[in-house]
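Listed below, chain by chain, are the residues.
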Amino acid sequence: MRLFTAVTLGDVIEAHAAEELSRLRALAPTARFVRAEGVHLTLVFLGEVEPSRLPAIREALASVGPRHAPFTLSVGGGGTFGTPSHPRVLWSHVRGDVEALEALQADAAAQLLPLGFEPEHRDYAPHLTLARAKAPRGDPALLACAQALASVELGEGRVDRLVLFESRGPDYVPVVEVPLTRAG
């Protein structure tokens, strides 16, 4: 099983993302765009995991929910990762209660660390990935997409759960959902 923890952003952001992704595909026809119904913010990528490890992961994540209250994020604008002339990733900014998101990510990572899951990066940089270049050297068209997103707002969404997803090709299937239940 290919697993990762994430938060979803709700119907409003999904709907606006669907509209924008449709518009952006024309600017970067060779890029691989995410599916709007799968937009999420990855917290911890676990990678390939034996199904027998799922109970321990479920138990570790269950302790996270009661320590965090639901919070609100907004998404808008755009940028790229990679070299300026050949970016590899197109993303949108995450705003709002980013501190709550960072605390949730740090807590999930801390609970998974004793199980052998090392975080990919030391510093968590919240962003909503929208597209990736197919070519290993990047895709200059993604820069035009970032410029087209400069003044676009995708909306606001309430984060009320942590989700362990299984990646099955282009589909993300929820395996475990942990509600955020601490009173605000």
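Refer to the structure above for everything that follows.
So, here's what we can say about the structure. (Residues numbered from 1 in each chain as written. Predicted model: local features only at pLDDT ≥ 70, side-chain atom pairs only at ≥ 80, totals over all residues. Heavy atoms only, no water.)

### Quick notes on the overall build of the protein
Quick note on the threshold: Helix numbers and strand numbers start at the N terminus; a helix is a DSSP run of H or I with at least 4 residues, a strand a run of E with at least 2. In this setup the radius of gyration rests on C-alpha atoms only. A globule is expected at 2.2 Å times the number of residues raised to 0.38. Whether two residues are in contact is decided by their heavy atoms: any pair within 4.5 Å suffices. All accessible areas in this document rest on Shrake-Rupley with a 1.4 Å probe, and a residue is counted as covered only by the protein chains that are shown. Only four residue types enter the charge count: Lys and Arg as positive, Asp and Glu as negative, with His and the chain ends excluded. In plain terms, the charge of a residue is placed at NZ if it is Lys, CZ if Arg, CG if Asp and CD if Glu.
Across its full length, the protein carries 4 helices and 9 strands. Taken from N to C terminus, the helices and strands of the protein fall in the order β-α-β-β-α-β-β-α-β-α-β-β-β. Relative to the globule expectation of 16 Å for 184 residues, the C-alpha radius of gyration of the protein, 16 Å, shows essentially globular dimensions. Summarising its shape, the C-alpha atoms of the protein cover approximately 45 × 35 × 25 Å along the three principal directions. Sequence separation of at least 24 residues holds for 78% of the intrachain contacts in the protein that already meet a minimum separation of 6. Just so you have it, the protein exposes about 9300 Å², and 52% of that area is on carbon and sulfur atoms. Distance between charge centres in the protein, computed from 18 positive and 22 negative side chains, equals 5 Å.

### As for the pairing of strand E9 (residues 171-179)
Selection rule: Two strands make a pair as long as DSSP finds a minimum of two bridges between them.
Two elements, strand E8 (residues 161-168) and E9, share 8 bridges in a ladder whose sense is antiparallel. In the sheet register, Phe165 faces E9, and the bridge partner there is Pro174. Hairpin connection between E8 and E9: a loop of 2 residues separates the two successive antiparallel strands, and Gly169 in this loop has a positive phi of roughly 65 degrees.

### As for the environment of Thr80
Relative to the helices and strands, Thr80 resides in strand E4 (residues 71-83). A sequence separation of 69 residues divides Thr80 from Leu149, and the C-alpha atoms of the two residues are 11 Å apart. Excluding anything up to four places from it in sequence, Thr80 contacts Pro87, Val89, Leu90, Trp91, Leu142, Leu143 and Ala146.

### Let's talk about the nonpolar core
Cut-off, in case you're wondering: We define a nonpolar core as any set of buried Ala, Val, Leu, Ile, Met, Phe, Trp, Tyr and Cys residues linked to one another through side-chain atoms lying within 4.5 Å. Exposure classes here rest on a 1.4 Å probe applied to the protein chains alone. A residue is buried below 20% of its type maximum, exposed above 50%, and partly exposed in between.
Counting 52 residues, the largest nonpolar core has Phe33, Leu46, Ile57, Leu73 and Leu90 as the members making the most contacts within it. For this core, the leading source of residues is helix H3 (residues 98-112), giving 7 residues.

### A word on the sheet that holds E8
Quick note on the threshold: Axes, fitted as lines to C-alpha atoms, cover a helix only where it is in contact. Angles between the N-to-C directions of the axes lie from 0 to 180 degrees.
Spatially, E3-E1-E8-E9 is the arrangement adopted by the 4 strands of the open sheet, whose pairing is antiparallel. The strands lining the two open edges of the sheet, one partner per strand, are strand E3 (40-48) and E9. Taking the axes of each pair of neighbouring strands and ignoring which way they run, one obtains an average angle of 25 degrees across the sheet. Note: strand E1 (residues 2-8) against E8, 4 bridges, orientation antiparallel. Paired with Phe4 across the two strands is Phe165, which belongs to E8.

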